[in-house]
Amino acid sequence: MYSFKHSVYSRNNRKLVYQMEIFSRHELIRTNDGYTLVLYADKQTSEFAEDFFSMLDSKRKELQKDSLNYIKNYINENCRGIKIDTVNIMLGSLLVASIAYGPVNAYTSSVPPARKVHLKPNATYTVKSGDTLYRIAGKAGTTVDQLKLLNNLISDTIYPGQKLRTKEQKGNNTSRPPVTTTNNLVLVNKTHSLPAGYTPKNLTAPNVPSSNKSKTRMTPEAAEALEALFAKAGQEGIKLTAISGYRSYERQSAIFTSNTSKYGSAVAANQFSARPGQSEHQTGLAMDISSPSVNYTLTQSYAQTREGKWLKENAPGYGFIVRYPKGRENITGYQFEPWHIRYVGKSAALEIASRNITLEEFLGKT
Ligand SMILES: [Zn+2]
């Protein structure tokens, strides 16, 4: 795994560095007198990868510089002495950016989203030449509006080869009334969505060290449990910092809509970006945790630190689980995230930890 460092400044002007793991592999392709470096992002990327992709054609100069610096560092570490002309960034088989790379001044150029998408069938119908949404809806026994909703289509335009979901997945009913009480065992993943109106009641910032109080809100019960967990850590000389808690449906929706139009389809965007309603941070039950020892980064190496080990060991006693464990990526749909803890209540957390299972397995759902 290669990491990308993204610096941000919190309210008190303290520098925080988010280290995101994005690319799973790379390839060098010989060109006329140099090489094209191809970087691949896979489906099970970190939830933070979307920040990287939203930077690729960002107008914000600092972020663009950061992404260029990342690529320069990557080349220095992995391709020293090799003449790289071009860096292509792929999401699965979709080309999302092509960066002309020179020895002195590298510059970015955005490319139009690729129209030809070959992805694992995540959908039940592949658009053929001459198809219309109306015809597909008729075949699938659904409506044009429903198809558009399911596939996040903003117009009636479809293209041959495009894959469309035609059936609503279980738990994905966006027309349900807003949920007003919090179920601590709610399952949120790529097949179980929260409705748009789902906003936890009485969100509150736990009284713990944090990067930004407005970004670390939780439900009152989860916040109280987090305070107890942090108090215990403090007694044992373990320094923990809360980085990111509740995130709204609207924020996720804006990010996903932007990525969908940028990368040509919702299926392509979903390889790295959570659909609105499918981020566990919308529940108010999740928190990303870091420590000074890793420079407040969110990194897989946290698992090897004293703090990361302490967190995994002690979180269940306070009702939290490490939600995306190592080796269970095919069940959770996410890479190993030793920093992301989820409140499920004490008895469920203790059982999940002692049986060494995921929340999906505990609930008997996928
Ligand atoms: Zn998280």
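Residues numbered from 1 in each chain as written. Predicted model: local features only at pLDDT ≥ 70, side-chain atom pairs only at ≥ 80, totals over all residues. Heavy atoms only, no water.

Moving on, we come to the nonpolar core. One finds Leu-226, Leu-240, Ile-289, Phe-320 and Ile-341 to be the most contacted residues of the largest nonpolar core, which totals 27 residues. Contributions of two or more residues to this core are made by helix 5 (220-235), strand 9 (286-290), helix 8 (306-314) and strand 11 (337-343). Ranked by residue count, the leading element in this core is helix 5, at 7 residues. Among residues more than four places away in sequence, those in contact with Leu-240 are Pro-209, Phe-230, Ala-233, Ile-289, Ser-290, Ser-291, Tyr-302, Glu-307, Trp-310 and Leu-311. Counting residues in hydrophobic clusters, the runner-up holds 12 residues, among them Leu-39, Ile-75, Ile-84 and Ile-89. (Core = buried A, V, L, I, M, F, W, Y, C linked by side-chain atoms within 4.5 Å. Buried < 20%, exposed > 50% of the residue type's maximum accessible area, 1.4 Å probe, protein only. Helix = DSSP H or I, 4+ residues; strand = E, 2+ residues; numbered from the N terminus. Contact = heavy atoms within 4.5 Å.)

The full count for this structure, using the stated rule, is 2 aromatic pairs. Both rings, one in Phe-320 and one in Tyr-343, keep their centres 5.2 Å apart while their planes meet at 65 degrees; by these two values the pair is edge-to-face. With Phe-320 in strand 10 (residues 320-324) and Tyr-343 in strand 11, this residue pair connects regions lying 23 residues apart in the sequence. For the pair shown, Phe-320 and Tyr-343 are each scored as buried. (Phe/Tyr/Trp six-rings, centres within 6.5 Å; stacked < 30°, edge-to-face > 60°.)

What follows is about the confidence of the model for the chain. A residue-level look at the chain finds 71% of positions with pLDDT of 70 or above and a mean pLDDT of 77. Predicted confidence in the chain is weakest over strand 1 (residues 2-9), with a mean pLDDT of 43, and strongest over helix 8, with 98. Across residues 58-63 the pLDDT falls below 50, and counting only partners more than four positions away or on other chains, this stretch makes 4 contacts in the model. Confidence drops under pLDDT 50 across residues 169-180; counting only partners more than four residues distant or on other chains, this segment forms 23 contacts. (pLDDT = per-residue confidence, 0-100.)

On to the sheet that holds strand 8 (residues 241-244). Two orientations exist for strands paired in a sheet by backbone hydrogen bonds: parallel and antiparallel. Strand order in the open sheet formed by 4 strands is 8-9-11-10, with antiparallel pairing between adjacent strands. Either end of the sheet is taken by a strand with one partner, and the two such strands are strand 8 and strand 10. Averaged over neighbouring strand pairs, the angle between their axes works out to 45 degrees when direction is ignored. Bridge count for strand 10 against strand 11 is 4 bridges, and the pairing is antiparallel. Across the sheet, Phe-320 pairs through a bridge with Tyr-343, a residue of strand 11. In the packing of helix 5 onto the sheet, the strands contacted are strand 8, strand 9, strand 10 and strand 11, and the crossing angle to strand 11 comes to about 130 degrees. (Pairing = 2+ DSSP bridges. Axes fitted to C-alpha atoms, helices over the stretch in contact; angles between N-to-C directions.)

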